[in-house]
Amino acid sequence: MNRLAGKVAMVTGAGRGIGAAIALAFAREGAAVALAELDIDTANATAERIRSEVSGARVIAVPTDVTQSAQVKQAVEHIEASIGPLDVLVNNAGINVFCDPLTMTDDDWRRCFAVDLDGVWNGCRAVLPGMVGRGRGSIVNIASTHAFKIIPGCFPYPVAKHGVIGLTRALGIEYAPNHVRVNAIAPGYIETQLTLDWWNAQPDPKAARQATLDLQPMKRIGQPEEVAMTAVFLASDEAPFINASCITVDGGRSALYHD
Ligand code: NDP
């Protein structure tokens, strides 16, 4: 239960879903955790839940819009002044923007990239000077299986997620000499509000959910906690030689050609 003892971590988009599960798992493993979240109410509620579940947890909630680089920089300064220099950053905040390429608006394109790629870079840029200066750090970027597989009609989300892998590899190489590791996790279908919203937007939500289940080799959807376990591993000292890599957490779905 002490795999992250003594570490200080920041998780973006930690008010709910995968980010909340990561924040809870980090606190359980002994890290002090900052929840950097757009919706401060969900962040506060999640911070309260973590405090009630993990005795002695050091958790703070910080309002942060990852699309705004100055805000992210300020959040990092606030977190470091409050709970200590950051050892770990998880760039988790992300949104689905699923369009047909030729009818997509410019705004959809920008909205997607602002959160899903700029947001990741803004986080990295804000923490890297400190991590490089201290000669230690682990950054975990939440990508997606859309980072290497394409589903028609989901444009431009996979383009941004491909970018997250490129950013992960480039920064992992740049800062390897400074002992800062940069890795990604590519989740497949995980049961969160994001996924529920997508099913509910389909003409028959129940059938859409069943269709997703039918695609899964394990015949089930992943849980946020299953992504969180991988984030704990990558953030910890158990992964000292894993860098510029991506771990897929999808129950094998992306390896499946067809049934
Ligand atoms: P959710 O929508 O459940 O949670 C995302 C969280 O990020 C929300 O709390 C949301 O806040 C927050 N957020 C959104 N925009 C911003 C922003 N600009 N600044 C700060 N926080 C923001 O999503 P998931 O937990 O499902 O997804 C988390 C990550 O995992 C995303 O990067 C997603 O792309 C990725 N992923 C998810 C998969 C899945 O099946 N669920 C599969 C593959 C990848 P608010 O509620 O205020 O919008």
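Everything quoted here is computed from the prediction, not taken from an experiment.

**Let's talk about the packing of helix H1 (residues 17-28) against helix H2 (residues 40-53)**
The geometry of H1 relative to H2 is characterised by a closest axis approach of 10 Å and an angle of 30° between their N-to-C directions. Accordingly, the angle class assigned to the pair H1 and H2 is roughly parallel. Relative to H2, the crossing made by H1 is right-handed. For the pair H1 and H2, the contacting residues are Ala20, Ala23, Leu24, Ala27 and Arg28 in the first and Thr46, Arg49, Ile50 and Glu53 in the second. A per-class count over the contact of H1 with H2 returns five nonpolar, one polar and three charged.

**Examining the pairing of strand E1 (residues 8-12)**
Sheet faces and side chains relate simply in a regular strand, where the side chains alternate between the two faces. Most of E1 sits inside the fold, with five of its five residues counted as buried. In this sheet, strand E2 (residues 32-37) lies alongside E1 in parallel orientation, the contact comprising five bridges. Bridging across to E2, Thr12 finds its partner in Ala36.

**Re the site of the ligand**
Taken together, 27 residues surround the ligand, and among them Arg16, Glu37, Asn92, Tyr157 and Thr192 come closest. Gly188 places a polar main-chain atom, nitrogen or oxygen, 3.4 Å from an oxygen atom of the ligand. Burial of the ligand by the protein amounts to 91% of the accessible area it has alone, namely 900 Å². Of all elements in the fold, only H1, helix H5 (157-174) and helix H6 (193-200) reach the threshold of two or more residues within the shell around the ligand. With three residues, the top contributor of residues to the shell around the ligand is H6. Partitioned by chemical class, the residues of the shell around the ligand number eleven nonpolar, eleven polar and five charged.

**Things to note about the state of the cysteines**
The final tally for this structure, using the stated rule, is zero disulfides. Cys246 supplies the cysteine sulfur nearest to Cys124, a cysteine that is in no disulfide, at a spacing of 14 Å. Judged by relative accessible area, Cys124 falls into the buried class, the value being 0%. In this structure Cys154 is not part of a disulfide, and its nearest cysteine sulfur, from Cys99, lies 9.7 Å away. Classification of Cys154 by relative accessible area gives buried; the value is 7%.

Rules and cut-offs
- Residues numbered from 1 in each chain as written.
- Predicted model: local features only at pLDDT ≥ 70, side-chain atom pairs only at ≥ 80, totals over all residues.
- Heavy atoms only, no water.
- Axes fitted to C-alpha atoms, helices over the stretch in contact; angles between N-to-C directions.
- Helix = DSSP H or I, 4+ residues; strand = E, 2+ residues; numbered from the N terminus.
- Parallel < 35°, antiparallel > 145°, perpendicular 65-115°, else oblique.
- Left-handed = near helix turned anticlockwise from the far one by under 90°.
- Contact = heavy atoms within 4.5 Å.
- Nonpolar A, V, L, I, M, F, W, Y, C, P; charged D, E, K, R; others polar.
- Buried < 20%, exposed > 50% of the residue type's maximum accessible area, 1.4 Å probe, protein only.
- Pairing = 2+ DSSP bridges.
- Near = heavy atom within 4 Å.
- Polar contact = N/O pair within 3.5 Å; in protein donor to acceptor, adjacent residues only side chain to side chain.
- Areas by Shrake-Rupley, 256 points an atom, 1.4 Å probe, with all protein chains shown as cover.
- Disulfide = S-S within 2.5 Å.

That is the geometry; function is a separate question.
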